[in-house]
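# Descriptive analysis of the structure
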Amino acid sequence: MKAERLQKQVDLYLKGREGSTMKSYESSYKALCVLCRATEVSVFGLGEVERCQLWSMAREMNFSAAKVRGISAVLALVNEVMGITEVVSGREKTMKKGLLKECNLLAKPKRKREVGLWQDVESLIKEAERTGGFKEWRTAVMATVCFFGCKRFGDVHRIRVEDVVMAEDIITVYMRQSKTDELNEGVSFKMEAAGKKFSIREFLQRYLRRFGLRGKDGLFPASLTKGSKGIAVSYATMYNSLEALKKTLGLDPGLTWHSFRIGSATRGTKLGVRRSVLKGAGLWKSSCVDLYCREDEAGVVLSRELLNDV
């Protein structure tokens, strides 16, 4: 096949893949290359025997379970690109299962994510208003959107100002990329503009006016002075911003960016919002929404409602 025609096929293939998904494979591909060099095999010549050697070497090198799963995904992607359909043997499955078990035993137990509350969002908003700093405002606005929109950091951090339409009663936000948008077609979500005690619309408008953000500028730009305002802030930067504010404000150490999404679903559950509504608001496509709607006193809630119905 001519190089030009092959390049066109590659370009078309990459367009069919979500950009963020391809980027997430980079570290796993590097780890696979490390294993291939250690076992002296080619990444494009990995039969069943060679893959079993890789898993054995991964054990010797104390790879984490996450890294092992990432390498598996890359192997599948390599086969997909090469047009190979290969069935994994029972021996390889058993080896991989044993490797993952060993990885999980060695791994430190993850701390459970804290549920983000409105009080946490309110603390961030007050601190932004007190200091007037861009970083504090950016953190408070992102927490507000994640909590009231029931969204992940990855869903909202690339939003542009022009993607946010603020009407009198409803705010519509267009997301160019999101985890559940597999075809990368773009999807919108809506929020109520204002409640009795807090107005999302007014808070967003004050933020935009204060820092001169408009049009194609990012809603959460990496910087106001260096480069284009259209460059989205990174997770690492926002992680550090939240960590610093947690210490300053005395917020729970377990609070993460995902906590606001969990808190939104959990509080909605306690307020009696239907599970189908929560699933639609958070754009969940599976029953994993149940993991986010935490109910510590399920028995008490159920018996209370049954008693009230007697």
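Residues numbered from 1 in each chain as written. Predicted model: local features only at pLDDT ≥ 70, side-chain atom pairs only at ≥ 80, totals over all residues. Heavy atoms only, no water.

### Some points on the overall build of the protein chain
Here is the rule we go by: A run of DSSP states H or I qualifies as a helix once it reaches four residues; a run of E qualifies as a strand once it reaches two. Both are numbered from the N-terminal end. The contact criterion used is simple: two residues touch if any of their non-hydrogen atoms lie within 4.5 Å. To be clear on the numbers: accessible area is Shrake-Rupley with a 1.4 Å probe, and residue cover counts the displayed protein chains and nothing else.
When you go through the protein chain residue by residue, the secondary structure sums to 15 helices and three strands. Relative to all contacts within the protein chain whose residues are 6 or more apart in sequence, the contacts with residues 24 or more apart total 61%. Summed over all atoms, the accessible surface of the protein chain reaches about 18,700 Å², with 54% contributed by carbon and sulfur.

### A word on the nonpolar core
Going by this rule: Only buried Ala, Val, Leu, Ile, Met, Phe, Trp, Tyr and Cys residues count toward a nonpolar core, and they belong to the same one when joined by side-chain atoms within 4.5 Å. Buried residues are those whose accessible area, probed at 1.4 Å on protein chains only, stays under 20% of the maximum for their type, while exposed residues exceed 50% and partly exposed ones sit between those limits.
Formed by 42 residues in total, the largest nonpolar core has its most connected members in Met142, Tyr207, Phe220 and Phe260. Looking at this core, the elements with two or more residues in it are helix H7 (118-131), helix H8 (134-149), helix H9 (153-156), strand S2 (170-175), strand S3 (187-192), helix H10 (200-211), helix H11 (235-249) and helix H12 (257-270). Residue contributions to this core peak at nine residues, all from H8. Not counting residues within four places of it along the chain, the set of residues in contact with methionine 142 comprises Phe153, Val156, His157, Phe220, Val233, Met238 and Trp257. Counting 23 residues, the second largest nonpolar core, distinct from the first, contains Leu54, Val68, Ile71 and Cys103.

### Details of H10
As a reminder, the rule being used: Helix span, expected: 1.5 Å multiplied by one less than the number of residues in the helix.
Its 12 residues place the ends of H10 17 Å apart at the C-alpha level, agreeing with the 16 Å of an ideal helix rising 1.5 Å per residue. For H10, the full list of buried residues reads Ile200, Arg201, Phe203, Leu204, Tyr207, Leu208 and Phe211. Elements that come into contact with the buried residues of H10 comprise H7, H8, strand S1 (164-166), S2 and S3. Two residues or fewer past H10, glycine 212 is found with a positive phi of approximately 60°.

### Thoughts on the side chain of threonine 139
The criterion, for reference: Each polar contact in these results corresponds to two N or O atoms within 3.5 Å; when the atoms are within protein, one needs to be able to donate a hydrogen and the other to accept it, and residues that are neighboring in sequence are counted only if both atoms are side-chain atoms.
Structurally, the position occupied by threonine 139 is in helix H8. Reaching out from threonine 139, the side chain makes a polar contact with the backbone oxygen of lysine 135 at a distance of 2.8 Å. Among residues more than four places away in sequence, those in contact with threonine 139 are Leu124, Met238, Ser241, Leu242, Leu245 and Trp257.

### Overview of the state of the cysteines
Applied cut-off: Our working definition of a disulfide is a cysteine sulfur pair at a distance within 2.5 Å.
Counted according to the given criterion, the structure contains zero disulfides. Lacking any disulfide linkage, cysteine 36 is separated from the closest cysteine sulfur, that of cysteine 33, by 6.2 Å. Judged by its relative accessible area of 5%, cysteine 36 falls in the buried class. Considering cysteine sulfurs only, cysteine 150 is the nearest to cysteine 146, which forms no disulfide, with 9.6 Å between them. On the basis of relative accessibility, which here comes to 0%, the residue cysteine 146 falls in the buried class.

### Structural notes on the sheet that holds S1
Going by this rule: Strands pair, by our definition, only if DSSP identifies at least two bridges between them. Orientation is described by lines fitted to C-alpha atoms, with helices fitted over the stretch in contact, and by angles between N-to-C directions that extend from 0 to 180 degrees.
Pairing is antiparallel across the open sheet formed by three strands, whose spatial order is S1-S2-S3. The open sheet is flanked by S1 and S3, the only strands paired with a single partner. The average angle at which neighbouring strand axes cross in this sheet is 15°, direction not considered. As paired strands, S2 and S3 are joined by six bridges and run antiparallel to one another. Its bridge partner lying in S3, tyrosine 174 is registered against serine 188. Docked against the sheet, H10 engages S1, S2 and S3, running at close to 120° with respect to S1.

### Re unusual backbone geometry
Across the chain, the bulk of peptide bonds are trans and the bulk of non-glycine residues have phi less than zero. Notably, asparagine 62 is not glycine yet its phi reads approximately 55°, a positive angle. Counting through the fold element by element, asparagine 62 comes out in the loop between helix H4 (48-60) and helix H5 (65-82).

### Some words on H8
Compared with the 22 Å implied by 1.5 Å per residue over 16 residues, the 22 Å span of H8 between its first and last C-alpha is a close match. Taking burial as the measure, the 16 residues of H8 include 13 buried ones, the bulk of the element. Count one or two residues on from H8 and you reach cysteine 150, which has phi positive near 55°.

### As for a nonpolar patch on the surface
Put simply, the test is: Residues enter patches when their relative accessible area tops 30% and they take part in no salt bridge; the joining distance is 9 Å for like charges and 5 Å for the nonpolar side chains Val, Leu, Ile, Met, Phe, Trp and Tyr. Note on definitions: salt bridges are taken to be side-chain nitrogens of Lys or Arg within 4 Å of carboxyl oxygens of Asp or Glu.
Together, Tyr29, Phe44, Val81, Met82 and Ile84 line one region of the surface with nonpolar side chains, adding up to about 480 Å² of accessible area. Structurally, the position occupied by phenylalanine 44 is in the loop between helix H3 (26-39) and H4.

### Things to note about the pairing of S2
Burial along S2 is one-sided: Ile171, Val173 and Met175 are buried, and none of Ile170, Thr172 and Tyr174, which face the opposite way, are. One ladder, built from three bridges, connects S1 with S2; its direction is antiparallel. Within S2, the position partnered with valine 164 by the bridge is valine 173. What sits between the antiparallel neighbours S1 and S2 is a turn of three residues.

### Concerning the packing of H8 against H12
Note the threshold: For a crossing to be left-handed, the near helix must be turned anticlockwise from the far one by less than a right angle; the clockwise case is right-handed. Here the term charged refers only to Asp, Glu, Lys and Arg, the term nonpolar to Ala, Val, Leu, Ile, Met, Phe, Trp, Tyr, Cys and Pro, and the term polar to all other amino acids, Gly among them.
Put simply, H8 and H12 touch, their axes get as near as 8 Å, and they point 35° apart. Read as a crossing pair, H8 and H12 show a hand that is right-handed. The residues of H12 that touch H8, namely those facing Thr139, Met142, Ala143, Cys146 and Phe147, are Trp257, Phe260, Arg261, Gly263 and Ser264. Of the residues in the contact of H8 with H12, the class split is six nonpolar, three polar and one charged.

### Describing the pattern of salt bridges
On inspection of all chains with the given rule, the structure shows 12 salt bridges. Salt-bridge contacts for arginine 91 lead to glutamate 48; the nearest nitrogen and oxygen are separated by 3.2 Å. Here arginine 91, found in helix H6 (residues 90-106), pairs with glutamate 48, found in helix H4; they are 43 residues apart in sequence, far enough to count as distant. Note on glutamate 48: relative accessible area 23%, which makes it partly exposed. Residue arginine 160 pairs with glutamate 162 through a salt bridge whose shortest N-O separation is 3.6 Å. The class for arginine 160 is partly exposed, based on a relative accessible area of 29%. The structure contains a network of salt bridges with shared partners spanning Arg160, Glu162, Asp163, Arg176 and Lys216.

Limitation: the analysis is restricted to geometry and does not speak to function.
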